[in-house]
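The primary structure of each chain is shown beneath.
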Amino acid sequence: MDIQTIHFISRAMVFLLGVPCIITYLLFAWDKHLAVYQRQRVPEALLFTMSALFGAFGALCAMIFFRHKTQHRSFLIVVPLLAVLQVALVVLFKLYVDR
């Protein structure tokens, strides 16, 4: 594999992983804002879906930073597991590309 292909894949991975993390982080922040002002909330299914679509690191950061969804056992278990799984998938992909 040539260097240009590797650089393209690296940039694509940053974009494909960064955008979902930022969107998920912002969704969690928005949900916290809505919770504070007792407004209609972001559906938990959407928060889980965005976390599963490579946004788990953003969700985890938002949970820690905003202290949001930390009392929900499902979020405390699923989001860190998704983050570990997503990191493992990225590492496996990197190892595959480097072969």
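Of regular secondary structure, the protein possesses three helices and zero strands. Reading the protein from its N terminus to its C terminus gives the helix and strand order α-α-α. Principal-axis analysis of the C-alpha atoms places the extent of the protein at approximately 55 × 20 × 20 Å. For the protein, long-range pairs separated by at least 24 residues make up 67% of all intrachain contacts whose partners lie at least 6 apart in sequence. Just so you have it, the protein exposes about 7100 Å², and 71% of that area is on carbon and sulfur atoms. If the 9 positive side-chain charges of the protein are averaged to one point and the 4 negative ones to another, these points end up 11 Å apart.

This paragraph deals with helix α1 (residues 3–36). Residues spaced three or four apart along an α-helix point in a common direction, a consequence of the helix completing one turn every 3.6 residues. For α1, with 34 residues, the first-to-last C-alpha span of 49 Å sits near the 50 Å given by 1.5 Å per residue. Among the residues of α1, P20, C21, T24, L27, F28, D31 and L34 are the ones counted as buried. Buried residues in α1 make contact with α2 (44–66) and α3 (73–98). At the C-terminal side of α1, Q38 shows a positive phi close to 50°.

This paragraph deals with the side chain of H68. With respect to the helices and strands, H68 occurs in the loop between α2 and α3. The contacts of H68, once residues within four sequence positions are left out, are F28, D31, K32, A35, R41, A62 and M63.

Once that is clear, we can look at the packing of α1 against α3. Two elements in contact, α1 and α3, have axes separated by 12 Å at closest approach and are oriented at 170°. Regarding the angle of α1 to α3, the classification is roughly antiparallel. Residues I9, M13, L17 and F28 of α1 form the contact with α3, whose own contacting residues are F75, V90, F93 and V97. Per-class residue counts for the contact of α1 with α3 are eight nonpolar, no polar and no charged.

Each value, and the rule that gives it
- Positions within a chain are numbered from 1, following the residues in the order the chain's sequence is written.
- Residue-level local features of this predicted model are given only where pLDDT is at least 70; pairs of side-chain atoms are given and counted only at 80 or more, and the full residue set underlies all totals for whole chains, interfaces and linings.
- Computation of side-chain values: all heavy atoms of the structure, hydrogens and water removed.
- A run of H or I in DSSP counts as a helix once it spans at least four residues, and a run of E counts as a strand once it spans at least two, with each numbered from the N terminus.
- By definition, residues are in contact when any of their heavy atoms lie within 4.5 Å.
- Here the accessible surface of atoms and residues is derived via Shrake-Rupley with a 1.4 Å probe, and residues count as covered only by protein chains that are part of the display.
- Positive charge is attributed to Lys and Arg, negative charge to Asp and Glu, and no charge count is given to His or to the chain ends.
- Just so you know, the charge point we use is NZ for Lys, CZ for Arg, CG for Asp and CD for Glu.
- Multiplying 1.5 Å by the helix residue count minus one yields the expected span of that helix.
- Relative accessibility under 20% of the residue-type maximum defines a buried residue, over 50% an exposed one, and the middle range a partly exposed one, all with a 1.4 Å probe and only protein chains included.
- Geometry is summarised by axes, namely lines fitted to C-alpha atoms with helices restricted to the contacting stretch, and by angles between N-to-C directions that run from 0 to 180 degrees.
- Roughly parallel refers to an angle under 35 degrees, roughly antiparallel to one over 145, roughly perpendicular to one between 65 and 115, and oblique to any angle outside these ranges.
- Think of it as three bins: nonpolar holds Ala, Val, Leu, Ile, Met, Phe, Trp, Tyr, Cys and Pro, charged holds Asp, Glu, Lys and Arg, and polar takes everything else, Gly as well.

No statement about biological role is implied by the geometric values presented.
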